[in-house]
Structures are given as structure tokens and as C-alpha cells.
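Read off the chains here:
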Amino acid sequence: MRAVSINGHGGTEVMQLVDVALPTLAPDEARIRHTRIGVNYSDINVRRGGFYPTSPSLPSLLGNEAVGVVEEVGAEVEDIVPGDRVGYVKGRGPFHSEPGSYAEYRNVPAERLVRIPSNVTDDSAAAVLLKGLTAATILDLSYRAEPGQTALVHAGASGVGSILVSWLSALGVTPLVTVGSPDKAEFARERGAAECILYNKQDFVEEVRSLRPDGVDVVFDGAGGDIFTRSLDVIKRNGALINYGNAAGRVAPFDILTLAFKGAIWVTRIAVQHSDIPFYRRSMEKILRFVADGTIKPHVSRVLPLAQAASAHELIESRATMGSVLLVP
Ligand SMILES: NC(=O)c1ccc[n+]([C@@H]2O[C@H](COP(=O)([O-])OP(=O)(O)OC[C@H]3O[C@@H](n4cnc5c(N)ncnc54)[C@H](OP(=O)(O)O)[C@@H]3O)[C@@H](O)[C@H]2O)c1
């Protein structure tokens, strides 16, 4: 089959379209013919190397999310049959050391497959499964947002950020967002953002402080770096800072006493891959329900051929995208 592989870590030049053999199907797996492959920032981190505690052995395929059609099932698989339209996030092994979705086919443990309802398109599902599972990990496991609260969502037009904005709004939380451009502000507003701060041009700490002098209840941060550190100055006493990503860089080590001086702030860093199978399945089904009932509005910035996976990475790294980027095998 055709697949995109890396033979080293670095820029997009390490990505190559290759011909590889699909492994033999294990008894608990189904073979999926991919129709859409979701591109995620974590794929870029795996390609660059040096971000995660472990790396795949090279050469390695990339990718952890796809939608497709079941072609064959292993002897132990009971509730999935050939012809089912399914989606999944992650294969059997760890996210960052055993990826493999940038390919025409993948053998996936059946317990990770969810059926895609007939009123959800392949594009919509592939746009939101991993990013929605991240939002579920944040809002159902890490921070229970309450109606009436105010949240700040950084990069509010990003894949995960835009889902958080829609979800928070549906919960009765007022989302303020930071975004990199007026187009992104419009996009976030359509999903329920009450105020949009252009953080490349405006000082987001000053802007939030003028909108909410006492601070916000919680900040959701997929940017990291300096944006994380500065966010400590816009949070109410006993509020929370939930970091889930590092698009702008790693967070510098800090003295835990800082949290006391800033108002006893709760801080966590979530990781989507630690969810157990019951939570994973419940959340994936919830995300698909949210798509079907309009709570989440998937947006696909670009659909590119699998062979142009490197261009997909470049688009995302240049901050040119809103919502998701997909590949077609
Ligand atoms: N913890 C987990 O398990 C988990 C799961 C999924 C994703 N993540 C992480 O969450 C982050 C966001 O993921 P996503 O899918 O929402 O990504 P995405 O759609 O590609 O969005 C990333 C956005 O971050 C903003 N950004 C700020 N500084 C940036 C910089 N220096 N370079 C590039 N972008 C920058 C940009 O928006 P503006 O132009 O508006 O600033 C950009 O569009 C990533 O770091 C990803 O690895 C973590």
C-alpha cells in the first residue's frame, strides 16, 4: 500500500511517499481502508522529534486518526463487520511511538473503532475525532466547567480550540478567545466566542483584564510557551489553567510558589492518549452526537492527497489553517 513515512526527524523533507506491506491482521483487529486521514499537530511533533519521551523506530509511518470502511475482521472480532463505516484515534501502541494512519490501510484493534452515523460525513468525522476526544478529556475529566463561568480559550479557531469554544458555549460558559487573525476571530465568533483578542497585535493580558477585571474562571491553552506563563495573570483566585498543547513552544519550568502568589491557581497538562477504552468509546460517540446535532461544527480548511502530506504539515505550521486539515489516500 502507499503510505507516508519518515526516515529521520526534522523538517518536512524527511517525509516520503513509500510502498509498504500491510502487516498480517491480528485476531482482535479489523483492516480499515481509509477514506479520510486527520492531520494533527502531534504528527508534526513526531516528525520533528525531541518532543515526546519515546520516538518510533525509524523508518516509521505517521498519523493517529482516520475514517474508512472495514474490509476484513480478525477471528475474535464480533461487533464490527466488513462494510461498516468507522473512525478511530490511535492504534494499539503509544501515540508517539507507534503511529500509522498516513496510509491507504491500517489494521486497528476493533475496540478502538466507532461506527460513523449515516448523518455524519467522512470529512466531518475525520475533522473532529482526535481533536474532539482532546476536548472531552479536558471538559469531562480535567475541568468541569459550570454554566455562568467565563473561560479564555487560546487559539480559538484551532482544531481543538474551536471545539472547546462550541462545547463551552453549549454548556452556558462564556468563551473569550485569542486568535491570530481577523478571519480566525470571525470563525470563533460563529462558534460562540463572546470576545476575540488578536494576541499578535494586542496584549491579551491587558485585554482580558479590561473585559474581566477579576479575571476568568479558567484558561484552556494549546499554545504553551510564554502564552501559558502570561495566562497566570488573567485568572481569578482559585481558578484553573489547563494546558493541552505546545504549538508556540514548551512551557518554561516555574516555581510552584508562583501559583500561590497568583491566587492559588490549579494547573494541569492533559494527554489524550491516557484515556481508557470505556472513556474513549463514550467520548467518541458523544463527539459524533455533537456533530449530528450541530453542537460542534466541523470545519475542514484543506483536503490534500496523501502524497502531499508534507504540504499539510507546512500549512499547519504556518498557522494558515482553521479547524482541520485532512488527507485523502
Ligand atoms: N494533550 C493532548 O493529548 C493533545 C491532543 C491534541 C492536540 N494537542 C496539542 O494541542 C495543540 C493544538 O492542537 P490543534 O489540533 O488545535 O492544532 P491546530 O489546529 O494546528 O492549531 C494550532 C494553532 O496554535 C496557534 N499558535 C500559536 N502559536 C503558534 C506557533 N508558534 N506556531 C504554530 N501555531 C501557533 C495558531 O493559531 P493562531 O493563529 O490563532 O494563533 C495555530 O493555528 C498542539 O500543540 C497539539 O499538539 C494535544
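Placed above this text is the structure.
Residues numbered from 1 in each chain as written. Predicted model: local features only at pLDDT ≥ 70, side-chain atom pairs only at ≥ 80, totals over all residues. Heavy atoms only, no water.

1. Quick notes on the environment of Y244
Here's step 1: Take Y244: it is sitting in the loop between β13 (235-243) and α7 (257-261).
Here's step 2: Residue class for Y244 comes out buried when judged on its relative accessible area of 12%.
Here's step 3: In this structure, the C-alpha to C-alpha distance between Y244 and A135, residues 109 residues apart in sequence, is 9.3 Å.
Here's step 4: Residue contacts for Y244: discarding those within four places in its chain leaves T134, I138, H154, S158, V160, G161, L164, F220, D221, G222, R269 and I270. (Helix = DSSP H or I, 4+ residues; strand = E, 2+ residues; numbered from the N terminus. Buried < 20%, exposed > 50% of the residue type's maximum accessible area, 1.4 Å probe, protein only. Contact = heavy atoms within 4.5 Å.)

2. Here's the deal with the side chain of N40
Here's step 1: Tracing the chain through its elements places N40 in the loop between β3 (29-39) and α1 (41-48).
Here's step 2: Here the side chain of N40 touches K131 through a polar contact of 2.8 Å, side chain to side chain.
Here's step 3: Beyond its immediate sequence surroundings of up to four residues, N40 is in contact with E65, L130 and K131. (Polar contact = N/O pair within 3.5 Å; in protein donor to acceptor, adjacent residues only side chain to side chain.)

3. Comments concerning the pattern of salt bridges
Here's step 1: Inspection of the entire model under this criterion finds 18 salt bridges.
Here's step 2: D140 serves as the salt-bridge partner of K286, at 2.9 Å between the closest nitrogen and oxygen. With a gap of 146 residues between them, K286 in helix α8 (residues 277-293) and D140 in helix α2 (residues 122-142) connect regions that are remote in the sequence.
Here's step 3: Classification of D140 by relative accessible area gives buried; the value is 16%. (Salt bridge = Lys/Arg side-chain N within 4 Å of Asp/Glu carboxyl O.)

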